[in-house]
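One letter stands for each residue in the lines below.
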Amino acid sequence: MIKKFIVVIISVILLSSANAGAFTCDFSEYTPTNALIRSALIPGWGQGWNEQKTKGWIVFGVFAVSVFGAFYYLNKSESDYDKYKKLGAKDSSYYDDYEKSLNTSRILGCVAVASWLYAVVDAYIFANKNIEKYGYKKFNFYAYGKDGFMLSYKTKFSI
């Protein structure tokens, strides 16, 4: 279901940009909102934008592992439930395996949501506190209908 949702969103963006002329997504300045948007799209990206690369990789890793684990255990629980239904015995160990896998999937799903929320809130708060320290960064993404895509990144740092 999530895969279908992502494909639909990408398709709508590409089709609307092809028909409307150009779709522009501009993250032009270092602001707390831009850090929030980055972490909302990919957990950990906002932390990387805030010059917290290690924290960003950890947040992304926790999110990715928990999402992968949630789907793995969900599929395992469905398989165990099918085995339980096929066997037809009420006191089968397959039902216990099904419940255990389903609960593990739910817990990992909650961890994924919590790590995503943490990434979003942390990126915003850190950027808000350190906006003057990190200064000017610029990231632009342009999607043109018939001309293709353009991606640019600019940063200002002093020595």
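See above for the structure.
Residues numbered from 1 in each chain as written. Predicted model: local features only at pLDDT ≥ 70, side-chain atom pairs only at ≥ 80, totals over all residues. Heavy atoms only, no water.

In terms of regular secondary structure, the chain is built from six helices and three strands. The buried share of the chain, reckoned over its 159 residues, is 26%. Contacts in the chain between residues far apart in sequence, at least 24 positions, make up 60% of those at least 6 positions apart. For the chain, the accessible area works out to roughly 11,100 Å², and carbon and sulfur atoms hold 65% of it. (Helix = DSSP H or I, 4+ residues; strand = E, 2+ residues; numbered from the N terminus. Buried < 20%, exposed > 50% of the residue type's maximum accessible area, 1.4 Å probe, protein only. Contact = heavy atoms within 4.5 Å. Areas by Shrake-Rupley, 256 points an atom, 1.4 Å probe, with all protein chains shown as cover.)

In the Ramachandran plot, E51 falls in the positive-phi region, its phi being about 65° despite a non-glycine side chain. Locating E51 in the fold gives a position in the loop between α3 (45-49) and α4 (53-87). Classification of E51 as partly exposed rests on a relative accessible area of 39%.

So, on to the environment of V62. Summarising the element assignment, V62 is placed in helix α4. V62 has contacts with V111 and S115, leaving out every residue within four places of it along the chain.

Turning our attention to the packing of α4 against helix α5 (residues 93-129). Contact geometry for α4 and α5: axes closest at 7 Å, N-to-C directions at 160°. The angle between α4 and α5 places the two elements in the roughly antiparallel class. Crossing of α4 against α5: the hand is left-handed. Taken together, the residues of the contact of α4 with α5 break down into 20 nonpolar, eight polar and six charged. (Axes fitted to C-alpha atoms, helices over the stretch in contact; angles between N-to-C directions. Parallel < 35°, antiparallel > 145°, perpendicular 65-115°, else oblique. Left-handed = near helix turned anticlockwise from the far one by under 90°. Nonpolar A, V, L, I, M, F, W, Y, C, P; charged D, E, K, R; others polar.)

Right, let's get into the packing of helix α2 (residues 32-41) against α5. Closest axis-to-axis distance for the α2/α5 pair is 8 Å, and the angle between their directions is 160°. Judged by the angle between their axes, α2 and α5 are roughly antiparallel. Like other packed secondary-structure pairs, α2 and α5 cross with a definite hand, here right-handed. Contacts from P32, T33, A35, L36, S39 and A40 of α2 reach α5 at W116, A119, V120, A123, Y124, A127 and N128.

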